[in-house]
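Survey of secondary and tertiary structure
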Amino acid sequence: MSTVTPNPATSPSRPHIRLTSHPGQGPAGAPPLRWGDPDPLARGPVVGTTANRSQRNVVGTHSGSYGVYRALAVAAGNLTRGHRADLTNTAPTDLIGPYPAWGDAKKMVSIDPWGASVQSVYADHLAQGYDIRPTIAVTKAHIHLPEIKQAIAFQRLAIDGKILLDDASATVTKIAVEPVWWLPGVAARFKVSEAELRRALFEETGGMYPELVTRSDIEVFLPPIGGQTLYVFGDVRALADPSITLTARVHDECNGSDVFGSDICTCRPYLTHAIEECIAGAQAVDAGGRGGVGLIAYSRKEGRALGEVTKFLVYNARKRQEGGDRADKYFLRTECVAGVQDMRFQELMPDVLHWLGIQKIHRLVSMSNDKYDAITGSGIEVGERVKIPDALIPADAKVEMEAKVAAGYFTDGLVPTKADLARVQGRGLE
């Protein structure tokens, strides 16, 4: 009979489990959070540590969905419970802000504007022993894409030694952003009461976070979802100058196309086209560019935030339905499987644009009416809209593209009729 060696992380000798709904869980003894205060010290730090629960002033914990992997590492004995990050030399490579929107509780509800600068802004709190983690990280990188090499070969782009290097890589500032939700503001964005939002979050996560319904005094939630990654081409500070031409795309994750090149959608070709546009937009005029700055904002919302399993089920349903994969049935099959066409809900998306200080997007590389409406509705001006070139649309993706244009996506061409949509058909599963 096999025996199991007790793990010190889960040993019965450990103290009893403390439910997060008990009074020992913040904000008593924790730094107060006054969301929307323009003074970061008056606003207070976001503390989601699990090492010292008396410090906590949020629901949830840091690292989004990766908090589950951290728990697994603790359970397996690979990570010391209560490990505290050594933040030496982790400061941002580029200073961003502060901008007026950082102190506007109506424009900043889904990220912590001070999340990249906790080492400096909250130095005194850290010295006092508070376990404050950055929720934003800023670094530098070079990116290599075969599509950019092709653009150079076809002389659509030219190496300038600054934005595009001799090895055809592009220089970028890369920014990772974790979600930090101020629940009253998130509820207002979705035009529901905070109580309704809290109850739905509690019930639809299987009761994972009881404080959502037991601790109304804790207003900030670190949700277990993916965050965003920003790629900036050119000077990050130029993003906040409306006189400098900004080329931008807001892109939602699609692993199948973005990474593996699946041709059922336009995600990768539109993304790489936008990167090419951003590079050209950031290059100097004498290098053939627009003398501006470029931005790709990449959000982890796989499969319209329905998830990849649901997305693949929808693919099968589309391909196997009577009459084949047709543009006039495109949205219907998603609704049949998921109960809704789309759960990306762009209401929270503009927050990161305001965090960057953006006031105007001169060239928006997006056809999405939802994204356009969310951006302009938040007070950011949009100039030109750039559609994907027809030559970049894979044959099997025409079903998606025609259906979206008919539903309201931007186009400079004709909007297909119902009869037109019925004639647009994709291939089968073979």
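Residues numbered from 1 in each chain as written. Predicted model: local features only at pLDDT ≥ 70, side-chain atom pairs only at ≥ 80, totals over all residues. Heavy atoms only, no water.

Examining the sheet that holds strand β10 (residues 381–385)
Strand pairing in a sheet relies on backbone hydrogen bonds. The paired strands run either parallel or antiparallel. Defined as follows: The rule for pairing is simple: two strands pair if DSSP sees at least two bridges between them. Only DSSP runs of H or I reaching four residues or more are called helices, and only runs of E reaching two or more are called strands; each is numbered from the N terminus. What counts as an axis is a line fitted to C-alpha atoms, over the stretch in contact for a helix, and the angles between N-to-C directions run from 0 to 180 degrees. We call two residues in contact when some of their heavy atoms are within 4.5 Å.
If you trace the 7 strands from one edge of the open sheet to the other, you get β2-β3-β6-β8-β7-β9-β10, paired in mixed fashion. Strands with a single pairing partner mark the edges of an open sheet, and in this sheet they are β2 (136–143) and β10. Between one strand axis and the next, the sheet turns by 25° as a mean value, whatever way the strands run. In terms of strand pairing, strand β3 (residues 170–177) meets strand β6 (residues 228–233) through 5 bridges, oriented antiparallel. Bridge assignment links Thr-173 to a residue of β6, and that residue is Val-232. Helix α10 (residues 267–282) contacts β2, β3, β6, β7 (246–252), β8 (293–299) and β9 (360–364) of the sheet and is inclined by roughly 155° relative to β8.

Describing the nonpolar core
Within soluble globular proteins, side chains that are nonpolar generally end up buried alongside one another. Test applied: In plain words, nonpolar cores are sets of buried Ala, Val, Leu, Ile, Met, Phe, Trp, Tyr and Cys residues tied together by side-chain atoms within 4.5 Å. Using a 1.4 Å probe on the protein chains alone, a residue whose accessible area is under 20% of its type maximum counts as buried, one over 50% counts as exposed, and one in between counts as partly exposed.
Counting residues in hydrophobic clusters, the biggest one holds 39 residues, and the most contacted among them are Ile-175, Leu-295 and Trp-355. Listed by contribution, the elements that provide at least two residues to this core are β2, β3, β6, β7, β8, α13 (350–355), β9 and α14 (369–377). Listed in part, the 30 residues of the second largest apolar core include Ile-279, Ile-296, Tyr-298 and Val-365.

Re the packing of aromatic side chains
Under the convention used in this document: Centre distance within 6.5 Å is the pairing criterion for rings of Phe, Tyr and Trp, where only the six-membered ring of Trp is used; planes under 30 degrees apart are then read as stacked, over 60 as edge-to-face, and the remainder as tilted. Note on geometry: a ring has a charge over it if NZ (lysine) or CZ (arginine) is within 6 Å of the ring centre and within 35 degrees of the ring normal.
One pass over the full model with this rule turns up 10 aromatic pairs. Here the aromatic rings of Phe-312 and Tyr-315 are separated by 5.8 Å at their centres, their planes lie at 20°, and the arrangement is stacked. On the criterion of helical spacing, the pair formed by Phe-312 and Tyr-315 is a turn pair, its members being 3 residues apart in helix α11 (residues 308–320). Classification of Phe-312 by relative accessible area gives partly exposed; the value is 42%. Taken together, the ring pairs in this structure connect Tyr-99, Trp-102, Trp-114 and Trp-355 into an aromatic cluster. Taking NZ or CZ as reference, Arg-249 lies 4.1 Å from the ring centre of Tyr-270, over its face. When the ring centre of Tyr-372 is taken as origin, the NZ or CZ atom of Arg-385, which lies over that ring, is 4.2 Å away.

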